[in-house]
Amino acid sequence: MIPTLVIGLREGLEASLIVGIIAAFLAGAGRRDALRQVWIGVVAAVLLCLAIGIGLITLSRELPQRQQEGLETVIGAFAVVMVTFMILWMNRHARGMKKELEGQAAHALAQGSARALVAMAFLAVLREGFETAVFLISVIQNSTSVTSGTTGALIGILIAVVIGYGIYRGGLRLNLGRFFKVTGLVLVLVAAGLVMTVMHTAHEAGWLNAGQAQAVDLGWLVRPGTVVSSLLTGVLGLQPQPVVAEAVAWLVYALPMLTYVAWPRRAARPAGKPAPAAAESTEHA
């Protein structure tokens, strides 16, 4: 449940933030007509994402076993690529998201058309919803309990919607930089576990035969049926006897990504403001 809850919360919050910021801006500008159009765009995007998710699940079930493994490999790899791009992009732009979106909204209203705002909301929900559908399908298919995984995702999305509504109403403030850094670290671990799963399903599909010797025995730690095993398997993707290809893939993905996301970043200085050292030397001059 934990991995899917984080995925639903993180992905849902990105869409909720964008829609909430746009809706709050339109409400403040007195453009209730445009606000109604934005909600229509959001609902249309949600329905389209649901259709895509149902289509992928149906297609997977109708294929023979080996082809199912191949499709799971493709979906899993695509999910890893998408979530990696999302983590990297949000890690760089989270702090300035609100200002950037409000600037785009103001420009659209100045042009006399709200279609750009509707498109922004629709594409934001569609993009995040598509990423969520693909990522959740990959994680839930390899989860020990489909019901638990689905419940976690729904709880995460519900929390994201509540936060987005709080931002729209103006009563909620959120440190986006810190929030996305913490959830980014968790998502890196979830994605790294999915990388291991991709290596496993690729082997089951007959696409990967190298590196299938056992790398290490983690049976003493990952004991099926225990809470620790559920956390390690569900969040980190660890298996009792991972093979070399799976272990190497986990390390190659997780270590650089964790370093990048956890690395402290300086806040950007306003244009024209000198660096502290430069300012100090000017005063002494």
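So, here's what we can say about the structure. (Residues numbered from 1 in each chain as written. Predicted model: local features only at pLDDT ≥ 70, side-chain atom pairs only at ≥ 80, totals over all residues. Heavy atoms only, no water.)

A separate point is the overall build of the protein. Looking only at helices and strands, the protein features 10 helices and zero strands. Listing the helices and strands of the protein from first to last along the sequence gives α-α-α-α-α-α-α-α-α-α. (Helix = DSSP H or I, 4+ residues; strand = E, 2+ residues; numbered from the N terminus.)

Moving on: the nonpolar core. Soluble globular proteins tend to pack their nonpolar side chains together in the buried interior. Ranked by size, the top nonpolar core spans 32 residues in total, and within it Ile7, Val83, Ile87, Phe135, Leu187, Val188 and Tyr253 carry the most contacts. Of all elements in the fold, only α1 (2-28), α3 (65-93), α5 (115-141), α7 (176-204) and α9 (244-262) reach the threshold of two or more residues within this core. Filtering out sequence-adjacent residues up to four positions away, leucine 187 remains in contact with Val6, Ile7, Arg10, Val83, Met86, Ile87 and Phe135. (Core = buried A, V, L, I, M, F, W, Y, C linked by side-chain atoms within 4.5 Å. Buried < 20%, exposed > 50% of the residue type's maximum accessible area, 1.4 Å probe, protein only. Contact = heavy atoms within 4.5 Å.)

As a further point, take helix α2 (residues 32-62). Its 31 residues give α2 an end-to-end C-alpha distance of 46 Å, which sits within 8% of 45 Å, the value for a rise of 1.5 Å per residue. All buried positions along α2 are accounted for by Ala34, Leu35, Val38, Gly41, Val42, Ala45, Cys49, Gly53 and Ser60. (Expected span 1.5 Å × (residues − 1).)

This next bit is on the environment of serine 148. Residue position: serine 148 is located in helix α6 (residues 146-169). When the C-alpha atoms of serine 148 and threonine 4 are compared, they prove to be 8.8 Å apart, with 144 residues separating the residues in sequence.

Further remarks concern α9. In an α-helix, one turn spans 3.6 residues; hence positions three or four apart end up facing the same way. Its 19 residues place the ends of α9 27 Å apart at the C-alpha level, agreeing with the 27 Å of an ideal helix rising 1.5 Å per residue. Taken as a whole, α9 has its buried residues at Ala245, Glu246, Ala249, Trp250, Tyr253, Ala254, Met257 and Val261.

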